[in-house]
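Coordinate inspection notes
Spelled out, the chains give:
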Amino acid sequence: MKLLFLSRLEMKDVIIIGGGLSGLTAAYILKKNSFTVQVLEANNYLGGRIKTAITDTNMALEMGATWIFNDPNLKSLLFELGLILYPQFASGKALYEVKAAQKPQIFDANQMTGGQIYHKVIGGTSQIITSLSNYVDLENIELNTVVVKVEDKDEYIKITTKDEKIFEARNVITALPPRLLESTINFLPELPSKSNLIRQKTHTWMADSVKFSLEYKQPFWREKGYAGLAISNVGLVREIQDHVNGENNAYGLVGFMSLRADQFNMTKEQRKEIVISDMIRLFGNDAAAVINYEDTIWSMEQFISSGFKVNQGIYAHQNNGNKEIVVPQFQDKLYFIGAETSSSNPGYMEGAVRTAKEIVRKIIQKK
């Protein structure tokens, strides 16, 4: 009995499943409020759909979430963490390519963006993840930890991992995309069938995106009066934006590509060749001088998507913020957060931070 009592005293107040922006924000706020926390992350790195590739020239090439808009919760968090924003460059000529047989149409960039001002994080979006995890402390974070079972034990919740490790906590927060959660974790007792059906049909942001970044020695597009902004209905590349860093000493372009079903088996080098060919068509021969290239096919990231073509048959925002998938379970010990659970700004970093703040507030009030 004494050993059992000691075990309960050492139990974490809150375990968070998922070490992306939402999960780490929740852990950060809970620790600030003197809760003991533990983050379980299936991948071998933190960040979820925030992923920044740092080149040998210290250029931050964004593979995932990048832009900050009019996002009060996110901006408040970034200010608290001491991170600095800089505006997305959108000055000059922008391109719109309608057909292969036609030259790209030229617009003022403000026409293409509607004059909207948005920002990026100096040093890359992963600076948010680094700052949060440093505060939470790596000793409270378990990587390569795949949760397969979550059980209600009345006074606490028991978590079992794929390699049969056991964790226990008074409260558990899941921060996985709803569809991934439903398809990968077994809950005992089972979650309400209605909520599970909705999770199966909930759109997962970034899961159907293919993002790429290119680094150049010089911002040749700016030198020619271009904003680096282009939209195309032709080829692999569909959207491009300027990606010069905040210090204005590393230069790049970032964008999205659209792959046909038969192109998912291409090698990274093959995709790079086609992307560069598209860039040359849009911006001229200077676009061939790429010094670094990175891309990410998010539907092939096993701890983001529950399967290839994860969003097939699901439209953007479908069931995001649905009230059925956020109802606390296990006698108010099990909570659900994440970008897709937010009723406002769903799928974006703002939504991820907002839901973390809301649920943590409930847990703090309950104590």
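Cut-off values and rules
Residues numbered from 1 in each chain as written. Predicted model: local features only at pLDDT ≥ 70, side-chain atom pairs only at ≥ 80, totals over all residues. Heavy atoms only, no water. Helix = DSSP H or I, 4+ residues; strand = E, 2+ residues; numbered from the N terminus. Buried < 20%, exposed > 50% of the residue type's maximum accessible area, 1.4 Å probe, protein only. Lys, Arg positive; Asp, Glu negative; His and termini not counted. Salt bridge = Lys/Arg side-chain N within 4 Å of Asp/Glu carboxyl O. Polar contact = N/O pair within 3.5 Å; in protein donor to acceptor, adjacent residues only side chain to side chain. Contact = heavy atoms within 4.5 Å. Expected span 1.5 Å × (residues − 1). pLDDT = per-residue confidence, 0-100. Pairing = 2+ DSSP bridges. Right-handed = clockwise from strand over helix to strand, strands pointing away. Phe/Tyr/Trp six-rings, centres within 6.5 Å; stacked < 30°, edge-to-face > 60°. Axes fitted to C-alpha atoms, helices over the stretch in contact; angles between N-to-C directions.

Here glutamate 215 lies in strand β14 (residues 210-216). Buried and without a salt bridge, glutamate 215 has lysine 217 as its closest oppositely charged side chain, separated by 10.0 Å. Separated by 2.5 Å, the side chains of glutamate 215 and threonine 57 make a polar contact. What glutamate 215 contacts, discounting residues up to four positions off in sequence, is Thr55, Thr57, Met59, Leu61, Tyr251, Gly252, Ala289, Val290, Ile291 and Asn292.

A cis geometry characterises the amide bond from leucine 188 onward to proline 189, with omega recorded as -5°. With respect to the helices and strands, the residue proline 189 is situated in the loop between β13 (186-188) and α7 (193-200). The phi dihedral of phenylalanine 330 is positive, around 55°, even though this residue is not glycine. Relative to the helices and strands, phenylalanine 330 resides in the loop between β18 (292-297) and β19 (334-336). Judged by its relative accessible area of 6%, phenylalanine 330 is buried.

Enumeration over the complete set of coordinates arrives at 14 salt bridges. Of the charged contacts in the structure, one is a salt bridge between arginine 49 and glutamate 340, with a shortest N-O distance of 2.6 Å. Taken together, the positions of arginine 49 in the loop between β2 (37-40) and β3 (52-54) and glutamate 340 in the loop between β19 and α10 (349-366) put the pair 291 residues apart, joining distant regions of the chain. For the residue pair arginine 49 and glutamate 340, the accessibility class agrees, reading buried in each case. Between lysine 224 and aspartate 286 there is a salt bridge, with its nearest N and O atoms 2.9 Å apart. Here the residue lysine 224 occupies a position in the loop between α8 (220-223) and β15 (226-232), and aspartate 286 occupies one in the loop between α9 (268-283) and β18, the gap between them amounting to 62 residues. Salt bridges here are not isolated pairs; linked through shared partners, they connect Glu97, Asp278 and Arg281.

Turning our eyes to something else, we now look at helix α2 (residues 21-32). The end-to-end C-alpha distance of α2, which contains 12 residues, comes to 16 Å, matching closely the 16 Å that a straight helix rising 1.5 Å per residue would cover. Following α2 by one or two positions, serine 34 has its phi on the positive side, about 70°.

On average, the protein chain scores 94 in pLDDT, and the residues at 70 or more come to 96%. Under a pLDDT of 50 for its full length, residues 1-9 has, in the predicted model, five contacts with residues more than four places off or in other chains.

Burial of β2 is two-sided: the residues Val37 and Val39 facing one way and the residues Gln38 and Leu40 facing the other way are all buried. Inspection of the sheet shows strand β1 (residues 12-17) paired to β2 by four bridges, in the parallel sense. Bridge pairing in β2 links isoleucine 16 to valine 39. Viewed along the sheet, the connection from β1 through α2 into β2 turns out right-handed. Bridging between β2 and strand β9 (residues 141-142) involves two bridges; their strand directions are parallel. Bridge pairing in β9 links valine 39 to isoleucine 141.

On to the packing of aromatic side chains, then. Under the definition given, this model contains 11 aromatic pairs. Their ring planes at 50° and their centres at 6.5 Å tell us that tyrosine 96 and phenylalanine 107 sit as a pair that is tilted. Taken as a pair, tyrosine 96 in strand β6 (residues 93-97) and phenylalanine 107 in strand β7 (residues 105-108) lie far apart in primary sequence, 11 residues in all. The partly exposed category is assigned to tyrosine 96, whose relative accessible area is 28%. For phenylalanine 107, a relative accessible area of 26% gives the class partly exposed.

Across a sheet, paired strands are connected by hydrogen bonds in the backbone, their directions being either parallel or antiparallel. Taken in spatial order, the seven strands of this open sheet run β7-β6-β15-β16-β17-β14-β18, and their pairing is mixed. Only two strands of the sheet have a single partner each, and these edge strands are β7 and β18. Strand-to-strand twist of the sheet, defined as the mean angle between neighbouring strand axes without regard to direction, takes the value 20°. With four bridges joining them, β6 and β15 adopt parallel strand pairing. Residue pairing across strands places glutamate 97 opposite serine 232, the latter belonging to β15. Its contacts with the sheet place α9 against β6, β14, β15, β16 (237-242), β17 (251-257) and β18, and it is angled at close to 115° to β18.

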